[in-house]
There are 2 protein chains.
Amino acid sequence: MSTTDEISATGPHAAKKGALRGFAPPLEEVEDARKRTPSEEARTIIENDHVGSLATLTEDGSPWASIVGYGVLGNGEPVFCVSTLAEHGRNLPVDGRASLVVARPSAIPGDPLDVGRVTLLGACERPADEAEEATARGAFLEALPTAKHYIDFKDFSLWILRVERTRWVGGFGRMDSTTGPDYNVAEPDPVAGQADYAVQHLNDDHAESLLLMAQKLGGFSDATAASCVRADRYGIDLELETPRGKAQTRIGFAEPLTDPDGLRAGTVELAKRARG
Amino acid sequence: MSTTDEISATGPHAAKKGALRGFAPPLEEVEDARKRTPSEEARTIIENDHVGSLATLTEDGSPWASIVGYGVLGNGEPVFCVSTLAEHGRNLPVDGRASLVVARPSAIPGDPLDVGRVTLLGACERPADEAEEATARGAFLEALPTAKHYIDFKDFSLWILRVERTRWVGGFGRMDSTTGPDYNVAEPDPVAGQADYAVQHLNDDHAESLLLMAQKLGGFSDATAASCVRADRYGIDLELETPRGKAQTRIGFAEPLTDPDGLRAGTVELAKRARG
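1. Looking at the packing of helix α7 (residues 207-216) of chain A against helix α8 (residues 263-275) of chain A
Residues and elements named next belong to chain A.
Point 1. Running from N to C, α7 and α8 point in directions that differ by 60 degrees, and their axes come no closer than 9 Å. Comparing the axis directions of α7 and α8 gives the class oblique. For the crossing formed where α7 meets α8, the hand is left-handed. Taken together, the residues of α8 that come into contact with α7 (itself represented by S209, L212, M213 and K216) are T267, L270, A271, A274 and R275.
Point 2. Partitioning the contact of α7 with α8 into residue classes produces five nonpolar, two polar and two charged.

Structure (structure tokens):
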């Protein structure tokens, strides 16, 4: 969120944040579990939504924020379909510079600013040729099927944001910047669409397994309660209660998941491993 | 929504839109019910949220979109609390030009772009004096109470967006622009916080009353079904079935509502009037 977008975990507030949160350290040494890269985080957020906010430049160079629908090309570039009747549609032909911010709606209530979001900065261009125009059109209609009612109106045209850099913020203390080329080749997380459901299900029905994972695999043999706060293709993040205070740990899957429905198998394997 | 932001009801697509929607005209002449002004719409959207997207200018004049929390002053000016560690927080001291877009999350499923949103354009300034600083601080903390953890950190500062113009889009075919001064003096709708609940309740429990309102007060004596799609301090919007096809009508309350809980009394009066 804007107000705390970029408080770095190693920045000037790190100590204060730690003190505020007061997390207990692990008792046993465990291997760091793999995390999504910032570019993977960015690709995942962009891929799993189709409405964001676009910043363009007005005639006098002022920044103009508007709500925009978008489709996504195979390299993560967003496609817009804008009308010259709309202010952003009049801005782009004059100066294509633009950025798109997309925030992942949080399924978990809490601080409205503690949610994932990503800003893509670059320049919008019309598709390079007829083949790319067709691809862009298909991507937009796939994301927003009702656009079939207006996509062929004469005042509408397709624009592609060529991404030069990105800024991902995962919530308090989780953030990073990446380059366009790095973003273009990163893979969106295939299990993202199932993650909220999986987190809910783990907490509702498998609290004891989560606790055992924290004790046996997460470095907190003294944990007394565990709940899952995030799940992704590489592992799950847990929040813990211990006699020494609250704590956090991350537990990695045996292998990165590739199947959109893979979270079930991944967590079953973790539970087995925790039971030894 | 970006893609169709500004298709005007009287613009080049009006005929096509009419044809697409095919609404039947009223059978009986009825007085036009009062609507919220575009500035009232804008004030209402801004007042009922506290997270939006901010467009600022980077060092080289590119537009930068980011998620931002905001509070609201008595004249509708948004207040931000940003860190110089965040990109937007570094942008504002160099060039204060900015715009904020806020979209009202729709409680009613449907086209993701058919939702209300407003863009405020202007320039961000630090509060003019200590008194305004205190007011701005209070407004921000009221909107985002967890900001108490960082609002006094040295790298954070308060900024007020002095609104020069606004662009409100209420959904397909409902939109308008207003000036900053007009926005500043408009009143947010006091019943907005209850409107989604009221719409749901009317549809769930009072479908027959809605139908009678459409027949007796809305100009559609041949209506066979009615559902409420919007409610505000001045009246309710209905979607109708008739033997001549779908139709829409708006029915005004006897008096504008001033009580946040006034929708119940307002619709009870309409139901009585419809029963004659």
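2. Quick word on the confidence of the model for chain A
Parts of the prediction with low pLDDT should not have their coordinates interpreted in detail.
All names here are of chain A.
Point 1. Taken residue by residue, chain A gives an average pLDDT of 90. The fraction at 70 or more is 88%.
Point 2. Below pLDDT 50 for its whole length, residues 1-20 participates in 57 contacts with residues either more than four positions away or in separate chains.
Point 3. On the interface metric, ipTM, the complex scores 0.87, and its pTM is 0.88.

3. Considering the sheet that holds strand β10 (residues 235-242) of chain A
Residue and element names in this part refer to chain A.
Point 1. Strands sit in the order β9-β10-β11 across an open sheet of three strands; the sheet is antiparallel. One side of each edge strand has no neighbouring strand; the edge strands of this open sheet are β9 (225-232) and β11 (245-252). Ignoring strand direction, the axes of neighbouring strands in this sheet form an average angle of 20 degrees.
Point 2. Two strands pair when backbone bridges link them, and β10 and β11 are joined in this way by eight bridges, in the antiparallel orientation. Within the sheet, the bridge partner assigned to D237 lies in β11 and is R250.
Point 3. α8 contacts β9, β10 and β11 of the sheet and is inclined by roughly 115 degrees relative to β11.

Conventions we followed
Residues numbered from 1 in each chain as written. Chains lettered and ligands numbered in written order. Predicted model: local features only at pLDDT ≥ 70, side-chain atom pairs only at ≥ 80, totals over all residues. Heavy atoms only, no water. Axes fitted to C-alpha atoms, helices over the stretch in contact; angles between N-to-C directions. Helix = DSSP H or I, 4+ residues; strand = E, 2+ residues; numbered from the N terminus. Parallel < 35°, antiparallel > 145°, perpendicular 65-115°, else oblique. Left-handed = near helix turned anticlockwise from the far one by under 90°. Contact = heavy atoms within 4.5 Å. Nonpolar A, V, L, I, M, F, W, Y, C, P; charged D, E, K, R; others polar. pLDDT = per-residue confidence, 0-100. Pairing = 2+ DSSP bridges.

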